Amino acid sequence: MTSKMTRILFVCLGNICRSPTAEAVFRARAEQAGILSRLQLDSCGTGDWHVGKAPDSRAQRAAATRDYDLSALRARQLDPSDFDRFDYILAMDAANLRDIIALQAASSESASPESNASSVHIGRFLDYAPNQCHADVPDPYYGGDKGFDDVLDLIEAASDGLLAQLVDAADAHGGPPNKPEAFQ
Ligand code: 4NP
(Lines give C-alpha, C1' and ligand atoms only; values in the text may rest on other atoms or scores of the structure.)
Protein backbone atom coordinates (compact mmCIF):
# COMPACT_ATOMS: atom_id res chain seq x y z
CA MET A 1 0.00 0.00 0.00
CA THR A 2 1.18 3.60 -0.58
CA SER A 3 1.62 6.16 2.16
CA LYS A 4 -1.87 7.59 1.63
CA MET A 5 -4.03 6.97 4.68
CA THR A 6 -7.49 5.47 4.27
CA ARG A 7 -9.88 7.01 6.78
CA ILE A 8 -12.90 4.97 7.84
CA LEU A 9 -15.74 6.06 10.13
CA PHE A 10 -18.23 3.49 11.50
CA VAL A 11 -21.64 4.91 12.40
CA CYS A 12 -24.62 3.66 14.41
CA LEU A 13 -27.30 5.40 16.46
CA GLY A 14 -25.81 5.72 19.95
CA ASN A 15 -22.09 4.88 19.39
CA ILE A 16 -22.14 2.62 22.43
CA CYS A 17 -22.95 -0.81 20.92
CA ARG A 18 -22.47 -1.51 17.21
CA SER A 19 -20.11 1.15 15.83
CA PRO A 20 -17.54 0.96 18.65
CA THR A 21 -17.62 -2.81 18.18
CA ALA A 22 -17.01 -2.32 14.45
CA GLU A 23 -14.14 0.08 15.15
CA ALA A 24 -12.44 -2.34 17.56
CA VAL A 25 -12.99 -5.45 15.43
CA PHE A 26 -11.79 -3.75 12.25
CA ARG A 27 -8.76 -2.36 14.08
CA ALA A 28 -7.81 -5.82 15.35
CA ARG A 29 -8.31 -7.46 11.94
CA ALA A 30 -6.34 -4.69 10.18
CA GLU A 31 -3.51 -5.11 12.67
CA GLN A 32 -3.45 -8.87 11.99
CA ALA A 33 -3.34 -8.09 8.25
CA GLY A 34 -0.44 -5.68 8.77
CA ILE A 35 -2.17 -2.59 7.34
CA LEU A 36 -3.27 -0.76 10.48
CA SER A 37 -0.57 1.90 10.07
CA ARG A 38 -2.23 2.91 6.76
CA LEU A 39 -5.65 3.42 8.32
CA GLN A 40 -7.37 6.03 10.45
CA LEU A 41 -10.38 4.50 12.18
CA ASP A 42 -13.12 6.07 14.27
CA SER A 43 -16.76 5.57 15.18
CA CYS A 44 -19.67 7.81 16.11
CA GLY A 45 -23.43 7.93 16.54
CA THR A 46 -26.08 9.87 14.68
CA GLY A 47 -27.66 10.67 18.07
CA ASP A 48 -26.18 12.59 21.00
CA TRP A 49 -27.70 10.76 24.02
CA HIS A 50 -24.51 8.93 25.00
CA VAL A 51 -21.80 11.44 24.04
CA GLY A 52 -18.73 10.97 26.25
CA LYS A 53 -19.82 7.56 27.55
CA ALA A 54 -17.93 4.27 27.33
CA PRO A 55 -19.45 1.47 25.25
CA ASP A 56 -22.40 -0.42 26.74
CA SER A 57 -21.16 -2.99 29.29
CA ARG A 58 -22.93 -5.80 27.38
CA ALA A 59 -21.11 -4.85 24.18
CA GLN A 60 -17.81 -4.70 26.07
CA ARG A 61 -18.40 -8.14 27.63
CA ALA A 62 -19.39 -9.79 24.36
CA ALA A 63 -16.38 -8.26 22.58
CA ALA A 64 -14.02 -9.33 25.37
CA THR A 65 -15.03 -12.98 24.88
CA ARG A 66 -13.43 -12.65 21.41
CA ASP A 67 -10.44 -10.63 22.68
CA TYR A 68 -11.59 -7.21 21.46
CA ASP A 69 -11.13 -4.37 23.94
CA LEU A 70 -13.68 -1.53 23.70
CA SER A 71 -12.93 0.01 27.09
CA ALA A 72 -10.97 3.08 25.90
CA LEU A 73 -13.59 4.21 23.38
CA ARG A 74 -15.94 7.12 24.12
CA ALA A 75 -19.08 8.03 22.25
CA ARG A 76 -19.32 11.07 20.03
CA GLN A 77 -21.91 12.34 17.58
CA LEU A 78 -21.55 12.50 13.79
CA ASP A 79 -20.43 15.99 12.78
CA PRO A 80 -20.57 17.78 9.41
CA SER A 81 -16.76 17.97 9.43
CA ASP A 82 -16.69 14.15 9.20
CA PHE A 83 -17.69 14.39 5.53
CA ASP A 84 -14.35 16.10 4.87
CA ARG A 85 -12.31 14.01 7.29
CA PHE A 86 -13.16 10.47 6.13
CA ASP A 87 -12.94 8.46 2.90
CA TYR A 88 -15.57 5.91 3.97
CA ILE A 89 -18.53 6.51 6.25
CA LEU A 90 -20.15 3.13 6.94
CA ALA A 91 -23.62 2.85 8.48
CA MET A 92 -24.70 -0.08 10.60
CA ASP A 93 -28.31 0.07 9.40
CA ALA A 94 -30.67 1.75 6.96
CA ALA A 95 -31.87 4.36 9.44
CA ASN A 96 -28.29 5.37 10.22
CA LEU A 97 -27.61 5.62 6.48
CA ARG A 98 -30.63 7.89 5.96
CA ASP A 99 -29.54 10.13 8.85
CA ILE A 100 -25.97 10.36 7.56
CA ILE A 101 -27.15 11.32 4.07
CA ALA A 102 -29.59 13.87 5.49
CA LEU A 103 -26.83 15.52 7.53
CA GLN A 104 -24.55 15.55 4.50
CA ALA A 105 -27.27 17.20 2.40
CA ALA A 106 -27.97 19.80 5.09
CA SER A 107 -24.30 20.57 5.68
CA SER A 108 -23.36 20.70 1.98
CA GLU A 109 -25.65 23.68 1.56
CA SER A 110 -23.36 25.68 3.85
CA ALA A 111 -20.07 23.99 2.88
CA SER A 112 -17.10 26.07 1.73
CA PRO A 113 -15.94 25.74 -1.89
CA GLU A 114 -12.76 23.98 -0.61
CA SER A 115 -14.81 21.19 0.93
CA ASN A 116 -14.10 17.73 -0.49
CA ALA A 117 -17.19 16.24 1.13
CA SER A 118 -18.44 15.08 -2.26
CA SER A 119 -15.63 12.49 -2.47
CA VAL A 120 -16.59 10.61 0.68
CA HIS A 121 -18.14 7.18 0.12
CA ILE A 122 -21.20 6.59 2.25
CA GLY A 123 -22.74 3.14 2.46
CA ARG A 124 -23.78 0.22 4.62
CA PHE A 125 -21.09 -1.74 6.42
CA LEU A 126 -22.78 -5.06 5.61
CA ASP A 127 -22.32 -4.40 1.88
CA TYR A 128 -18.91 -5.95 2.58
CA ALA A 129 -20.47 -9.16 3.94
CA PRO A 130 -22.51 -10.21 0.88
CA ASN A 131 -22.87 -13.81 2.04
CA GLN A 132 -24.81 -12.77 5.16
CA CYS A 133 -28.58 -12.66 4.84
CA HIS A 134 -28.68 -9.35 6.75
CA ALA A 135 -28.44 -5.91 5.15
CA ASP A 136 -28.42 -4.25 8.59
CA VAL A 137 -26.52 -4.90 11.80
CA PRO A 138 -29.56 -5.23 14.12
CA ASP A 139 -29.71 -2.82 17.05
CA PRO A 140 -28.97 -4.96 20.16
CA TYR A 141 -29.66 -2.25 22.76
CA TYR A 142 -33.12 -3.39 23.88
CA GLY A 143 -32.43 -7.12 23.52
CA GLY A 144 -30.47 -9.82 25.33
CA ASP A 145 -26.88 -11.02 25.26
CA LYS A 146 -27.38 -13.10 22.11
CA GLY A 147 -27.99 -9.91 20.13
CA PHE A 148 -24.53 -8.67 21.03
CA ASP A 149 -23.00 -11.96 19.92
CA ASP A 150 -24.89 -11.80 16.61
CA VAL A 151 -23.61 -8.24 16.11
CA LEU A 152 -20.06 -9.53 16.48
CA ASP A 153 -20.62 -12.27 13.88
CA LEU A 154 -21.90 -9.76 11.32
CA ILE A 155 -19.21 -7.19 12.07
CA GLU A 156 -16.42 -9.76 11.81
CA ALA A 157 -17.75 -10.88 8.41
CA ALA A 158 -18.02 -7.32 7.08
CA SER A 159 -14.60 -6.41 8.49
CA ASP A 160 -12.99 -9.29 6.63
CA GLY A 161 -14.80 -8.31 3.42
CA LEU A 162 -13.76 -4.67 3.63
CA LEU A 163 -10.21 -5.59 4.55
CA ALA A 164 -9.96 -7.96 1.58
CA GLN A 165 -11.22 -5.22 -0.73
CA LEU A 166 -8.71 -2.69 0.60
CA VAL A 167 -5.84 -5.15 0.25
CA ASP A 168 -6.94 -6.20 -3.28
CA ALA A 169 -7.25 -2.58 -4.39
CA ALA A 170 -3.84 -1.80 -2.92
CA ASP A 171 -2.31 -4.74 -4.80
CA ALA A 172 -4.01 -3.72 -8.06
CA HIS A 173 -3.35 0.01 -7.92
CA GLY A 174 -0.35 0.37 -5.66
CA GLY A 175 -2.44 2.09 -3.03
CA PRO A 176 -5.76 2.05 -1.21
CA PRO A 177 -8.84 2.61 -3.37
CA ASN A 178 -10.28 6.06 -3.93
CA LYS A 179 -13.56 4.69 -5.22
CA PRO A 180 -14.36 1.29 -3.71
CA GLU A 181 -16.56 -0.76 -6.03
CA ALA A 182 -19.26 -1.19 -3.41
CA PHE A 183 -19.99 2.53 -3.63
CA GLN A 184 -19.81 3.13 -7.37
P1 4NP B 1 -26.03 1.53 19.02
O2 4NP B 1 -27.18 1.03 20.02
O3 4NP B 1 -26.69 2.46 18.04
O4 4NP B 1 -25.54 0.29 18.39
O5 4NP B 1 -24.98 2.22 19.89
C6 4NP B 1 -28.05 1.90 20.70
C7 4NP B 1 -27.61 2.54 21.82
C8 4NP B 1 -28.48 3.36 22.52
C9 4NP B 1 -29.78 3.53 22.08
C10 4NP B 1 -30.22 2.86 20.93
C11 4NP B 1 -29.35 2.05 20.25
N12 4NP B 1 -30.68 4.36 22.80
O13 4NP B 1 -31.87 4.39 22.44
O14 4NP B 1 -30.27 5.02 23.76
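Report on the accompanying structure. (Residues numbered from 1 in each chain as written. Predicted model: local features only at pLDDT ≥ 70, side-chain atom pairs only at ≥ 80, totals over all residues. Heavy atoms only, no water.)

**Some details on the overall build of the chain**
Right, so step 1: Across its full length, the chain carries five helices and four strands.
Right, so step 2: From first element to last, N terminus to C terminus, the chain shows the α and β order β-α-β-α-α-β-α-β-α.
Right, so step 3: Sequence-distant contacts in the chain: of pairs separated by 6 or more residues, those separated by 24 or more amount to 77%.
Right, so step 4: Total accessible area on the chain is roughly 8900 Å²; 48% of this is exposed by carbon and sulfur atoms. (Helix = DSSP H or I, 4+ residues; strand = E, 2+ residues; numbered from the N terminus. Contact = heavy atoms within 4.5 Å. Areas by Shrake-Rupley, 256 points an atom, 1.4 Å probe, with all protein chains shown as cover.)

**Topic: the site of the ligand**
Right, so step 1: Around the ligand sit Cys 12, Leu 13, Gly 14, Asn 15, Ile 16, Cys 17, Arg 18, His 50, Asp 139, Tyr 141 and Tyr 142, and that is every residue in its neighbourhood.
Right, so step 2: Measuring from an oxygen atom of the ligand, one finds a backbone N or O atom of Asn 15 at 3.2 Å.
Right, so step 3: In this structure, His 50 approaches the ligand through a side-chain N or O atom, which is 2.8 Å from an oxygen atom.
Right, so step 4: Contact with the protein chains covers 92% of the free accessible surface of the ligand, which is 350 Å².
Right, so step 5: Among the cavities detected, the one that contains the ligand is the largest pocket. (Near = heavy atom within 4 Å. Polar contact = N/O pair within 3.5 Å; in protein donor to acceptor, adjacent residues only side chain to side chain. 1 Å grid on protein atoms, 1.4 Å probe; cavity = no way out; pocket = protein on both sides within 12 Å on 5 of 7 lines; lining within 4 Å. Sits in = over half its atoms within 2 Å of the grid points.)

**So, empty space enclosed by the protein**
Right, so step 1: Applying the stated rule across the entire model yields one cavity of 30 Å³ or more.
Right, so step 2: Here the largest cavity is characterised by a volume of approximately 40 Å³.
Right, so step 3: Taken together, Cys 17, Thr 21, Ala 59, Ala 62, Ala 63, Pro 140, Phe 148, Val 151 and Leu 152 make up the lining of the largest cavity. (Points joined across faces, edges and corners; volume = space filled by probe spheres on them.)

**Section: the pairing of strand 3 (residues 88-91)**
Right, so step 1: Going residue by residue along strand 3, you find Tyr 88 and Leu 90 tucked away on one face and Ile 89 and Ala 91 tucked away on the opposite face as well.
Right, so step 2: Here four bridges tie strand 3 to strand 4 (residues 121-124), and the two strands are oriented parallel to one another. Within the sheet, the bridge partner assigned to Tyr 88 lies in strand 4 and is His 121. (Buried < 20%, exposed > 50% of the residue type's maximum accessible area, 1.4 Å probe, protein only. Pairing = 2+ DSSP bridges.)

**Observations concerning the layout of surface pockets**
Right, so step 1: Here the largest pocket is characterised by a volume of approximately 160 Å³.
Right, so step 2: Lining of the largest pocket is provided by 13 residues; of these, Leu 13, Gly 14, His 50, Asp 139 and Tyr 141 occupy positions nearest its centre.
Right, so step 3: The class makeup of the residues in the lining of the largest pocket is eight nonpolar, three polar and two charged. (Nonpolar A, V, L, I, M, F, W, Y, C, P; charged D, E, K, R; others polar.)

**Quick look at the side chain of Glu 156**
Right, so step 1: Relative to the assigned elements, Glu 156 resides in helix 5 (residues 145-173).
Right, so step 2: Of the residues examined, Glu 156 reaches a relative accessible area of 15% and is grouped as buried.
Right, so step 3: Within the structure, the side chain of Glu 156 is placed 3.3 Å from the side chain of Arg 29, a separation counted as a polar contact.
Right, so step 4: At 2.9 Å, the side chain of Glu 156 and the side chain of Arg 66 are in polar contact.
Right, so step 5: Excluding residues that lie within four positions of it along the chain, Glu 156 makes contacts with Val 25, Arg 29, Arg 66 and Tyr 68.

**Notes on the packing of aromatic side chains**
Each aromatic ring pair is described using two quantities: the centre-to-centre distance and the angle formed by the ring planes.
Right, so step 1: The final tally for this structure, using the stated rule, is three aromatic pairs.
Right, so step 2: With a centroid separation of 5.2 Å and an interplanar angle of 70°, the aromatic rings of Phe 10 and Phe 125 are classed as edge-to-face. In this pair, Phe 10 is assigned in strand 1 (residues 6-12) and Phe 125 in the loop between strand 4 and helix 5, connecting sequence segments 115 residues apart. Like Phe 10, the residue Phe 125 is buried in the burial classification.
Right, so step 3: Residues Tyr 141 and Tyr 142 carry aromatic rings whose centres are separated by 4.8 Å and whose planes lie at 85° to one another, so their mutual orientation is edge-to-face.
Right, so step 4: By relative accessible area, Tyr 141 is classed as partly exposed at 28%.
Right, so step 5: For Tyr 142, a relative accessible area of 77% translates into the label exposed.
Right, so step 6: An aromatic cluster is defined as three or more aromatic residues linked by ring pairs; in this entry it consists of Phe 10, Phe 26 and Phe 125. (Phe/Tyr/Trp six-rings, centres within 6.5 Å; stacked < 30°, edge-to-face > 60°.)

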